[in-house]
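Listed below are the residues making up each chain.
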Amino acid sequence: GIQVEQSPPDLILQEGANSTLRCNFSDSVNNLQWFHQNPWGQLINLFYIPSGTKQNGRLSATTVATERYSLLYISSSQTTDSGVYFCAVERRTSGTYKYIFGTGTRLKVLA
Amino acid sequence: SAVISQKPSRDICQRGTSLTIQCQVDSQVTMMFWYRQQPGQSLTLIATANQGSEATYESGFVIDKFPISRPNLTFSTLTVSNMSPEDSSIYLCSAGQGAGTQYFGPGTRLLVL
């Protein structure tokens, strides 16, 4: 099956720093989403980004589907950005679809 | 977007027992899914809950252990049967309104003693 690897696995930043998280996938995908799992375990949709670049405030994401990777940029990080970031790739089969999650990047932002 | 609720939010169970987790969506959705997240790990898809038919299970998950129901387009249940401590995880329900979107419930934290 498809492999979805994220790097780095762990990241510690000082408040105000910038970071780039990477998601590599081993096969072609139909779509890709980025999620943030906050310290209470809730998963929050960040981006739906099958290709191209999107921005939402301090966050932006880029997916290069032909090269099988996606990047999530966090600028001017805040302590509330702490948590785990997951990418998830969509695979379609026989008229249905499912999401395969990446290995995750655990981010801690220090005040 | 869809708002998803799960019950119970957490539970502590004895080995050998079963627990049924409920997932309610505030609107009709095409797809519903169940995931497991073991401590410190990523999410693993257990099955796709199909409305009016048997769920589609991923490799490594079987119906006898994780029976799933989906009686309508807004509700699903997952039962964790004959539990062992290895079943201690967060169980998450998600719903999709067509390809490209997926929303998650708050999860059910299960501890099996």
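In this text, all values refer to a predicted model and were calculated from it rather than measured experimentally.

Caption draft 1: Up close: the pattern of salt bridges. Inspection of the entire model under this criterion finds 5 salt bridges over all chains. A salt bridge links A:D27 to A:R91, with the nearest nitrogen and oxygen atoms 3.5 Å apart. Of this pair, A:D27 sits in the loop between β3 (19-25) and β4 (31-37) while A:R91 is found in strand β9 (residues 83-93), placing the two residues 64 residues apart along the sequence. The class of A:R91 is partly exposed, set by a relative accessible area of 26%. Linking B:K65 and B:D87 is a salt bridge whose minimum nitrogen-to-oxygen distance equals 2.7 Å. Highlighted residues: B:K65 in the loop between β6 (56-57) and β7 (68-72) and B:D87 in the loop between β8 (75-80) and β9 (89-96), separated in sequence by 22 residues. In this structure B:D87 comes out as buried when scored by relative accessible area, which is 5%.

Caption draft 2: Main features of the state of the cysteines. Per the counting criterion, the structure on display carries 2 disulfides over all chains. Between the sulfur of A:C23 and that of A:C87 lies a disulfide, 2.1 Å long from S to S. On the S-S bond that ties A:C23 to A:C87, the torsion sits near 75 degrees, and the link is right-handed. Of this pair, A:C23 sits in strand β3 while A:C87 sits in strand β9, and the two are 64 residues apart along the sequence. Taken as a pair, A:C23 and A:C87 share a single burial class, namely buried. Here B:C13 stays free of any disulfide, with the sulfur of B:C23 as its closest cysteine sulfur at 18 Å. For B:C13, a relative accessible area of 8% translates into the label buried.

Caption draft 3: A look at the sheet that holds β8(B). Residues and elements named next belong to chain B. Strand order in the open sheet formed by 4 strands is β1-β3-β8-β7, and the pairing between neighbours is antiparallel. Two strands in the sheet have a free side with no partner beyond their single neighbour: β1 (4-7) and β7. Averaged over all pairs of adjacent strands, the angle between strand axes in this sheet comes to 15 degrees, irrespective of strand direction. Where β7 lies against β8, 3 bridges are found, and the strand directions are antiparallel. Note on β8: the bridge partner recorded for I68 is L78.

Caption draft 4: How the structure looks around the nonpolar core. B:M32, B:W34, B:I46, B:F66, B:I68, B:L78 and B:Y91 are the most contacted members of the largest nonpolar core, which has 27 residues in total. Contributing elements (two or more residues each) for this core: β3 (19-25), β4 (31-37), β5 (43-49), β8, β9 and β11 (108-112) of chain B. Here the element with the most residues in this core is β3(B); it accounts for 4 residues. Once residues within four sequence positions are removed from consideration, B:I46 is found in contact with B:W34, B:Y35, B:R36, B:T56, B:Y57, B:E58, B:F61, B:F66, B:L78 and B:Y91. Counting residues in each nonpolar core, the second largest holds 22 residues, with A:I2, A:A61, A:L72 and A:V109 among its members.

Caption draft 5: Broad picture of the environment of B:E54. Residue and element names in this part refer to chain B. Tracing the sequence through the fold places E54 in the loop between β5 and β6. Residue classification places E54 among the exposed residues on the basis of a relative accessible area of 59%. Between the C-alpha atoms of E54 and Q37, which are 17 residues apart in sequence, the distance is 23 Å.

Caption draft 6: Region of interest: the confidence of the model for chain B. Within chain B, residue pLDDT values average 93, and 98% of them lie at 70 or more. Taking the mean pLDDT of every element in chain B, the minimum, 92, falls on strand β10 (residues 103-104) of chain B and the maximum, 98, on β3(B).

Caption draft 7: Summary view of the packing of aromatic side chains. A complete count under the given rule lists 9 aromatic pairs over all chains for this structure. With a centroid separation of 5.6 Å and an interplanar angle of 65 degrees, the aromatic rings of B:F61 and B:F66 are classed as edge-to-face. B:F66 matches B:F61 in its accessibility class, with the two residues each being buried. Following the ring pairs from residue to residue traces out a cluster consisting of A:F35, A:F86, A:F101, B:Y35 and B:F104.

What counts, and where the lines are drawn
Residues numbered from 1 in each chain as written. Chains lettered and ligands numbered in written order. Predicted model: local features only at pLDDT ≥ 70, side-chain atom pairs only at ≥ 80, totals over all residues. Heavy atoms only, no water. Salt bridge = Lys/Arg side-chain N within 4 Å of Asp/Glu carboxyl O. Helix = DSSP H or I, 4+ residues; strand = E, 2+ residues; numbered from the N terminus. Buried < 20%, exposed > 50% of the residue type's maximum accessible area, 1.4 Å probe, protein only. Disulfide = S-S within 2.5 Å. Pairing = 2+ DSSP bridges. Axes fitted to C-alpha atoms, helices over the stretch in contact; angles between N-to-C directions. Core = buried A, V, L, I, M, F, W, Y, C linked by side-chain atoms within 4.5 Å. Contact = heavy atoms within 4.5 Å. pLDDT = per-residue confidence, 0-100. Phe/Tyr/Trp six-rings, centres within 6.5 Å; stacked < 30°, edge-to-face > 60°.

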